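Observations on the three-dimensional arrangement
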Amino acid sequence: MSYSTFNRKQFDSMKEPMFFGENVNVARYDQQKHPIFEKLIEKQLSFFWRPEEVDLSSDRKDFQRLAEHEQHIFLSNLKYQTLLDSVQGRSPNVALLPIVSLPELETWIETWSFSETIHSRSYTHIIRNIVNDPTVIFDDITVNTEITKRADSVSVYYDRLIEMVSLYNTLGMGTHHIPGKGNVEISMPTLKKALYLTIASVNVLEAIRFYVSFACSFAFAERTLMEGNAKIIKLIARDEALHLTGTQHMLNLMASGKDDPEMAVIAAECQEEVRNIFIEAAEQEKEWASYLFKDGSMIGLNAQILGQYVEYITNVRMQAVGLDACFGTKHNPIPWINAWLVSDNVQVAPQEAEISSYLVGQTDNNLDDSDFDDFDL
Amino acid sequence: MTSTSKQGTPSKDQVHRVLLGKQQFLVTEDEPLLPQLERAGIHIEYQCREGYCSSCSIKLLWGQVEYPFEPLAWVHSGYMLACCAIVKSDIEIAFFHE
């Protein structure tokens, strides 16, 4: 089976599974198998923002006044986030678009991935504004071992799925001998397993891996430092909270069997592996926190507190996909972070104060003279 | 969000009991559970407060809640989203880790 950009078969897309059914042909949204993805698209579009809207001129002065170990914390987090969004800006498209079978889900994947490219552009905006030579920072991302270690774990499931799907598209089902890799078995169950694990690892990326960085950015802002950066991170966090709902829905729909009965069997078989993906990521994030604070802590935050927060947030995220919490941390050690993560006070203009997803151009055309009866001049 | 509740309907001043372990709180139907529990000094994890991030998901052991609008987050059976659920009867809740 090879991918077609406009599948000529006639079929009822309402009966297709989310993935590995027919390639999508008509991009139509008048009927939807899973309307949640259309709602996510609308929400994401209502969140649209641009990094240039946020003024960073005082961040430059703040940054120069930070102690050296605080600059290390700030820049390392930016590098890690740049890595994560580099992956997320392309991978949902590359890995999932060739196998998606529902128009609303296809468009959600594109909308989701696009919003990640805004995040990537905002890191350049931040870095350009606080240092004279951004190259030094960007170049370090591919050589710094602490970052590259993490690059391996965030990309391994995506890369494996992409490779298997490309074998499936070119060679079809069967066991194929790939030079340098040995035998690779391509069957529907192995493809679906690779997909399920990929979605789980993406959920972990967006629901856990970003949060150490978020906590540090907001801890600086609590001291009224790097506040422009915090405003941007708040917008990124709002997007990521929406994205994690997208992957939670995919995982829960798959596990429920409502979408594809075979996927429910695979989800049950993979439960232990998925648990381990969460636990392994949490351990890596705790290690990352130690690396950040290797030369000294910052006011209000240290490696131990951040480690407890990672455990706490991992418990919250595991429970959201139907897994038992695996860490003993029962309380959020930094509850002040929620006031920064809340999206209803993300505000860029006064008319948007009441509702964060303010819609532009929502005028009422159904007016007649009687609507002005109350007006006195 | 346009409010659909009419003034003067019997439900407006209805008070319900919320059990959480050995604690008990009285809540109204005027606003979701989360802000009412916060005022009572109970910390519930939250993030978006708009029903899409699922951070405020808690166990609903028994009782009725309603959502004025359908939340975007997946709500597992036996759970509720504190940020947007209106309590409609006496209920018992628990945190996920208890």
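Residues numbered from 1 in each chain as written. Chains lettered and ligands numbered in written order. Predicted model: local features only at pLDDT ≥ 70, side-chain atom pairs only at ≥ 80, totals over all residues. Heavy atoms only, no water.

Identification of chain B as Class I ribonucleotide reductase maintenance protein YfaE from Marinomonas arenicola is taken from an unreviewed UniProt entry. Taken verbatim from the UniProt record of chain B, the Sequence similarities (unreviewed entry) comment is "Belongs to the 2Fe2S plant-type ferredoxin family." Regarding chain B, the UniProt comment filed under Cofactor (unreviewed entry) reads as follows: "[2Fe-2S] cluster". (UniProt positions renumbered as here; feature names shortened; annotations may be inferred.)

Per an unreviewed UniProt entry, chain A carries the name ribonucleoside-diphosphate reductase and comes from Marinomonas arenicola. Taken verbatim from the UniProt record of chain A, the Cofactor (unreviewed entry) comment is "Fe cation". The UniProt entry for chain A carries this comment under Sequence similarities (unreviewed entry): "Belongs to the ribonucleoside diphosphate reductase small chain family."

Next up on the list: the pairing of strand 1 (residues 15–20) of chain B. All names here are of chain B. The two faces of strand 1 differ: His16, Val18 and Leu20 on one face are buried, but Val15, Arg17 and Leu19 on the other face are not. Pairing geometry for strand 1 and strand 2 (residues 23–28), over six bridges, is antiparallel. Of the residues in strand 2, the one forming a bridge with arginine 17 is leucine 26. Linking strand 1 to strand 2, which pair antiparallel, is a turn of two residues; within it glycine 21 sits at a positive phi near 60 degrees. Across three bridges, the pairing between strand 1 and strand 7 (residues 91–94) is parallel. (Buried < 20%, exposed > 50% of the residue type's maximum accessible area, 1.4 Å probe, protein only. Helix = DSSP H or I, 4+ residues; strand = E, 2+ residues; numbered from the N terminus. Pairing = 2+ DSSP bridges.)

A common way to express how large an interface is: the accessible area buried when the components associate. At the interface, 36 residues of chain A touch 20 residues of chain B. Taking both sides of the interface into account, the surface hidden between chain A and chain B amounts to around 2,500 Å²; carbon and sulfur atoms contribute 54%. Considering only the surface of chain A that becomes buried against chain B, Gln319, Lys330 and Asn338 of chain A emerge as the three largest contributors, covering 22% of it. The salt bridge involving lysine 39 of chain A is made with glutamate 70 of chain B; its shortest N-O contact spans 3.4 Å. Here chain A is connected to chain B by 16 residue pairs in polar contact (both at pLDDT 80 or more). Sorting the residues of the side of chain A that touches chain B by element identifies helix 1 (35–46), helix 9 (227–256), helix 12 (303–320) and helix 13 (337–341) of chain A as the ones contributing at least two each. Per element, the largest residue contribution to the side of chain A that touches chain B is ten residues, and it comes from helix 9 of chain A. Broken down by class, the residue content of the side of chain A that touches chain B amounts to 18 nonpolar, eleven polar and seven charged. (Contact = heavy atoms within 4.5 Å. Buried area = accessible area lost by both parts, 1.4 Å probe. Salt bridge = Lys/Arg side-chain N within 4 Å of Asp/Glu carboxyl O. Polar contact = N/O pair within 3.5 Å; in protein donor to acceptor, adjacent residues only side chain to side chain. Nonpolar A, V, L, I, M, F, W, Y, C, P; charged D, E, K, R; others polar.)

On the surface, Leu367, Phe372 and Phe375 of chain A cluster together to form a nonpolar patch covering roughly 350 Å² of accessible area. Classification of phenylalanine 372 of chain A by relative accessible area gives partly exposed; the value is 46%. (Patch = residues over 30% accessible without salt bridge, like charges linked within 9 Å, V, L, I, M, F, W, Y side chains within 5 Å. Areas by Shrake-Rupley, 256 points an atom, 1.4 Å probe, with all protein chains shown as cover.)

On to the nonpolar core, then. Formed by 123 residues in total, the largest nonpolar core has its most connected members in Phe19, Leu96, Leu105 and Leu195 of chain A. Not counting residues within four places of it along the chain, the set of residues in contact with phenylalanine 19 of chain A comprises Leu96, Ile99, Val100, Ser101, Leu105, Ile109, Leu195, Met250 and Met254 of chain A. Counting 26 residues, the second-largest nonpolar core is a separate cluster that includes Val342 of chain A together with Tyr46, Leu81 and Val87 of chain B. (Core = buried A, V, L, I, M, F, W, Y, C linked by side-chain atoms within 4.5 Å.)

A few words on the confidence of the model for chain B. Per-residue confidence for chain B averages 88 on the pLDDT scale, and 86% of its residues sit at or above 70. Between residues 1–9 of chain B, whose pLDDT stays under 50, and residues either more than four places distant or in other chains, the model counts two contacts. (pLDDT = per-residue confidence, 0-100.)

Moving on, we get to the pattern of salt bridges. Applying the stated rule across the entire model yields 27 salt bridges over all chains. The residue glutamate 146 of chain A makes a salt bridge to lysine 149 of chain A at a minimum N-O spacing of 3.7 Å. Here glutamate 146 of chain A pairs with lysine 149 of chain A, and both are found in helix 6 (residues 145–171), just three residues apart, close to one helical turn. Measuring nitrogen to oxygen at the nearest pair gives 3.1 Å for the salt bridge that ties glutamate 29 of chain B to lysine 88 of chain B. With glutamate 29 of chain B in the loop between strand 2 and helix 1 (33–39) and lysine 88 of chain B in the loop between strand 6 (86–87) and strand 7, this residue pair connects regions lying 59 residues apart in the sequence. Judged by its relative accessible area of 13%, glutamate 29 of chain B is buried. Residue classification places lysine 88 of chain B among the partly exposed residues on the basis of a relative accessible area of 30%. Each member of the salt-bridge network shares a partner with another, and the members are Glu146, Lys149, Arg150 and Glu287 of chain A.

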